[in-house]
Amino acid sequence: MPRQVEQTRFVLSEDKRYLLLAFPELFKGVRVVIVPRHWARGKYISLFDKSPPDIVCPSFWELKWATGCIFNCEYCYLQGTLYGKMSPRLKCLDELKSVLVRFLRWAENERLKILLNTGELTDSFAIPNWANRLLSIFDEIAGEFPNLKVLFVTKGGLKHIRPLIKHKAAMEYSIVSFSINTPTAARAFEGAAPDPLNRINAARLCQDLGFEVRLRLDPLIPIEGWEKELPELIYMLLSKKEVEAARITIGTLRGLYKTIKFTSNRQWLKFLKGGERTGWGLKMPKEVRLALYRNVLLSLKELGFQGQAALCKETLSTWRALVQEGLLQDPGMFPLWHGVACNCIF
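So, a few notes on the structure that sits alongside this text. (Residues numbered from 1 in each chain as written. Predicted model: local features only at pLDDT ≥ 70, side-chain atom pairs only at ≥ 80, totals over all residues. Heavy atoms only, no water.)

1. Concerning the sheet that holds strand 5 (residues 60–63)
Rules: What makes two strands pair is DSSP finding at least two bridges between them. Helix and strand definitions here come from DSSP, where helices need a minimum of 4 consecutive H or I residues and strands a minimum of 2 consecutive E residues; each element is numbered from the N-terminal end. Axis angles are defined between N-to-C directions and span 0 to 180 degrees, where every axis is a line fitted to C-alpha atoms and, for a helix, only to the segment in contact. Contacts were defined at the residue level, with two residues in contact if any of their heavy atoms lie within 4.5 Å.
The 8 strands lie next to each other as 3-5-8-9-10-11-12-16, forming an open sheet whose pairing is mixed. Edge positions in the open sheet fall to strand 3 (45–48) and strand 16 (308–311), since each of these has one partner strand only. For this sheet the average axis-to-axis angle between neighbouring strands, irrespective of direction, equals 25 degrees. The strands touched by helix 9 (residues 226–240) within the sheet are strand 11 (212–220) and strand 12 (247–252), with strand 11 carrying the most contacts at an inclination of about 170 degrees.

The following block contains the structure:
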């Protein structure tokens, strides 16, 4: 019989053990699991914990099963992560399966729940045949590990999510997150990705099939007409299509040094002019970001959104400005961020 597991609110990689000594009061009463380096910094699995103290971003698990993307969004951070080499590459899935089983046994022994993000280094469903092969692996092993959930993050549309329809077992272990933008921003900057309505229809289909659905409105871009388009997008999602997202995570453009260096089209960089330099790259001016966030959060509130809302890789000062306005829950403190319920964590 599988060992009973529990969710820990914090895991800490070996190379960050010093935080226990640096902030002993923060960890008081918290069960901390030290993650061995071969799991925290592995070839196929790693712990994303590199956000600096001024950026609100809880640690999360990445599954590095493939890299690159065919959608070619002009602002995509993968351009920098992959040094401009965006052509998709599939890793050895046989080896991945073996690593997964060993990792999940370790996590079970540590009584950890694991949410594996499959969409950090690639779009989870951009190439359906690859997604089908990945789902086949999880179909085989998920039943053995009640501590496992898998997060699929995509800009895909109806044709891209067909593997989910085929793999009935996936409903037991999958969370599906759709990245959606306004139609104008999508046409201008999101390359070969399906149009937003297609993505919304795919989200609704996943919901109807019984999957937990999350949404990413990221990156919000103050392109002409955004003040009108954002509320219309929220209305389309929540009222017209009745997508009942468990969580909505909101973000804005992030001009990381390598992203700017390797971006193939520099038109989006104009929005960063006069922006704020942060621990996670150059962002748009703070007041512009706040205006975008307020627009979305107020629209969600007016439409009675009952799920959880969060910001993605945003500064603590920006978070707290919106907390003071009653639009967000306080995120807590680095490195725990106990008040955050965002896309990439349980």
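2. Let's talk about empty space enclosed by the protein
Filter applied, for reference: Using a 1 Å grid laid over the protein atoms alone, points where a 1.4 Å probe fits but cannot get out form a cavity; open sets with protein on both sides within 12 Å along at least 5 of 7 lines form a pocket; any residue with an atom within 4 Å of a point counts as lining. Grid points are joined across faces, edges and corners, and a volume is the space filled by probe spheres set on the points. Polar here means any residue other than Ala, Val, Leu, Ile, Met, Phe, Trp, Tyr, Cys and Pro, which are nonpolar, and Asp, Glu, Lys and Arg, which are charged; Gly is therefore polar.
On inspection of all chains with the given rule, the structure shows 4 cavities of 30 Å³ or more. Of the pockets and cavities examined, the second largest cavity occupies roughly 110 Å³. Forming the boundary of the second largest cavity are 16 residues, of which Phe-10, Asp-49, Ser-59, Phe-334 and Pro-335 lie nearest the centre. Sorting elements by how many residues they give to the lining of the second largest cavity places strand 1 (residues 10–13) first, with 4 residues. Per-class residue counts for the lining of the second largest cavity are 11 nonpolar, 3 polar and 2 charged.

3. What to know about the pairing of strand 11
This is how it is decided: Buried residues are those whose accessible area, probed at 1.4 Å on protein chains only, stays under 20% of the maximum for their type, while exposed residues exceed 50% and partly exposed ones sit between those limits. By the criterion used throughout, a crossover qualifies as right-handed when its path from the first strand across the helix to the second strand runs clockwise, the strands pointing away from the viewer.
Most of strand 11 sits out of view: 8 of its 9 residues are buried. Pairing of strand 10 (residues 174–179) with strand 11, which is carried by 5 bridges, proceeds in the parallel orientation. Pairing of Val-176 across the sheet is with Val-213, part of strand 11. In terms of handedness, the path from strand 11 via helix 9 over to strand 12 forms a crossover that is right-handed.

4. Some points on the nonpolar core
Here is the rule: Residues enter a nonpolar core if they are buried and are Ala, Val, Leu, Ile, Met, Phe, Trp, Tyr or Cys, with the set joined through side-chain atoms within 4.5 Å.
Trp-61, Phe-138 and Phe-178 are the most contacted members of the largest nonpolar core, which has 116 residues in total. For this core, the element with the most residues is helix 4 (residues 93–109), which contributes 9 residues. The residues contacting Trp-61, other than those within four sequence positions of it, are Val-11, Val-35, Trp-39, Ile-45, Ser-46, Leu-47, Phe-103, Trp-106, Ile-114, Leu-115, Leu-116 and Asn-117.

Keep in mind that these numbers describe shape and distance, not what the molecule does.
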